[in-house]
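Remarks on the overall topology
Read off the chains here:
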Amino acid sequence: MVNFLDRPNKTQHFDGLVITDTEYTHPYVDWHYHENAYFTFLLQGNMTEGNKKEIYDCSAGTLLYHHWEDPHYNIKPDIFTRGFHIEIPKEWFENLNITQNNLEGSFHLRNPELKILMYKIFKESKINDNNSETSIQQLLLHIFSHLSNPKIVVEKKPIWVKQIDELLHENFNEKLNLTALSQTLNIHPIHLSRDFYKYFHCNLGDYIRKLKINRALSIIANNEKSLTEVAIDCGFSDQSHFIRCFKENIGITPLKYRKIME
């Protein structure tokens, strides 16, 4: 196993979990693996990660999951890059009776709900009060409840699910409506409205708002734009709407989140 954590800003240990906020300094880390399951959440900068199946171009907001002893490599450009990591031993899964049969290998997790949960874990790691460990455990269990859903493995998703997910990721900051999306996907609006929740576990409006918040979080981390500019770039109607939606999803205001990123 190789430890590629270059310059840890902060490391926490509890219940077997190892949580690290790290600045990457090496431009290239050769093939390596981790003895434990591992989340990598890119907070700032960019990197490329490759494994036996594919290569990921990772920007701020990218969330990756690695199963234990899953080999991969990393390439980092000459810019400041910061990652948030959670290392999870096998005993943690065993103690909580979490099955890992469906999670072998690496995953690039695009679901905005999972990313918001990871941002919340990051927030709790910075607050680090008497309740933070319990909150982190609960949030981590919520993530695995999504990843371990047997329906995802057994049931083949219709093609429109992937198509609409790509459309929403590319156009979330524009004004979207159900009728136009239905025409683009060539499915009936009732069918889309009825089955969207089945595959995305929330309604269409909430999913779009989560995509906007995820984009806002990655911009805030770079600290190059004002919060008003962030709200406009992410397609919010005004700053008050942005602040309200941000607080509903993350639990704190954008300004407070920016401060804990420092």
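Below is a short write-up of the structure. (Residues numbered from 1 in each chain as written. Predicted model: local features only at pLDDT ≥ 70, side-chain atom pairs only at ≥ 80, totals over all residues. Heavy atoms only, no water.)

**Focus on the side chain of K115**
With respect to the element layout, K115 can be found in helix α2 (residues 112-127). D165 is the oppositely charged side chain nearest to the buried, salt-bridge-free K115, at an N-O distance of 9.4 Å. Side-chain polar atoms of K115 contact the backbone oxygen of G61, separated by 3.2 Å. In this view, K115 contacts F41, G61, L63, L109, R110 and N214; residues no more than four positions away in its chain are not counted. (Helix = DSSP H or I, 4+ residues; strand = E, 2+ residues; numbered from the N terminus. Buried < 20%, exposed > 50% of the residue type's maximum accessible area, 1.4 Å probe, protein only. Lys, Arg positive; Asp, Glu negative; His and termini not counted. Salt bridge = Lys/Arg side-chain N within 4 Å of Asp/Glu carboxyl O. Polar contact = N/O pair within 3.5 Å; in protein donor to acceptor, adjacent residues only side chain to side chain. Contact = heavy atoms within 4.5 Å.)

**As for empty space enclosed by the protein**
Gaps left between atoms are located by rolling a probe of water-molecule size over the structure's atoms. All chains considered together, the criterion is met by 2 cavities of 30 Å³ or more. Taken as a whole, the second largest cavity encloses approximately 40 Å³ of empty space. If you go around the second largest cavity, the residues you meet are K10, Q12, I19, T20, D21, F84, S125 and K126. Mapped by element, the contributors of at least two residues to the lining of the second largest cavity are β1 (7-14), β2 (17-24) and α2. No other element matches the 3 residues that β2 contributes to the lining of the second largest cavity. (1 Å grid on protein atoms, 1.4 Å probe; cavity = no way out; pocket = protein on both sides within 12 Å on 5 of 7 lines; lining within 4 Å. Points joined across faces, edges and corners; volume = space filled by probe spheres on them.)

**Things to note about helix α10 (residues 239-250)**
The end-to-end C-alpha distance of α10, which contains 12 residues, comes to 16 Å, matching closely the 16 Å that a straight helix rising 1.5 Å per residue would cover. Along α10, the positions that sit buried rather than exposed are F242, C245, F246, N249 and I250. Along the axis of α10, the buried positions cluster into a sector of 110 degrees, meaning they face one direction only. Looking at the buried positions of α10, the neighbouring elements they touch are α2, α8 (204-222), α9 (227-233) and α11 (254-261). (Expected span 1.5 Å × (residues − 1). Arc of directions from axis to C-beta.)

**Points about the layout of surface pockets**
Looking at the second largest pocket, its volume works out to about 380 Å³. If you trace the second largest pocket, you find 14 residues lining it, with S59, A60, G61, K115 and H169 closest to the centre. Secondary-structure elements contributing two or more residues to the lining of the second largest pocket are β6 (55-59) and α8. Top contributing element to the lining of the second largest pocket by residue count: α8, with 4 residues. Grouping the amino acids of the lining of the second largest pocket by side-chain chemistry returns 3 nonpolar, 7 polar and 4 charged. The residue makeup of the lining of the second largest pocket includes at least three contributed by each of domain 1 (7-148) and domain 2 (159-261). (Nonpolar A, V, L, I, M, F, W, Y, C, P; charged D, E, K, R; others polar. Domains from an automatic or database assignment.)

**Some remarks on the environment of C202**
Mapped onto the elements of the fold, C202 is located in the loop between α7 (189-200) and α8. Residues C202 and E113, 89 residues apart in the sequence, show an inter-C-alpha distance of 9.3 Å. With residues near it in sequence (within four places) discarded, C202 still touches F196, Y197, Y207 and K210.

**Comments concerning the sheet that holds strand β5 (residues 46-51)**
A sheet is described by the order of its strands in space; here 4 strands give the open sequence β3-β8-β5-β6, paired in antiparallel fashion. Both outer strands of the open sheet, β3 (28-32) and β6, are each paired with one neighbouring strand and no more. When strand polarity is set aside, the average angle formed by the axes of neighbouring strands in this sheet is 15 degrees. One ladder, built from 5 bridges, connects β5 with β6; its direction is antiparallel. Bridged to M47 within β6 is C58. (Pairing = 2+ DSSP bridges. Axes fitted to C-alpha atoms, helices over the stretch in contact; angles between N-to-C directions.)

**Considerations on the side chain of S218**
Relative to the elements of secondary structure, S218 occurs in helix α8. On the basis of relative accessibility, which here comes to 4%, the residue S218 falls in the buried class. A distance of 2.8 Å separates the side chain of S218 from the backbone oxygen of R215, its partner in a polar contact. Aside from chain neighbours lying at most four places away, what touches S218 is A60, G61 and Y119.

**Quick look at the pattern of salt bridges**
This structure, assessed with the given rule, holds 6 salt bridges. Across the pair E113 and K210 runs a salt bridge, and its minimum N-O distance is 2.9 Å. You can see E113 sitting in helix α2 and its partner K210 sitting in helix α8, a full 97 residues away along the chain. In this structure, D233 engages K225 in a salt bridge whose closest nitrogen and oxygen atoms are separated by 2.4 Å. The class of D233 is partly exposed, set by a relative accessible area of 31%. Here the salt bridges do not stand alone but share partners, grouping D21, R82 and K126 into one network.

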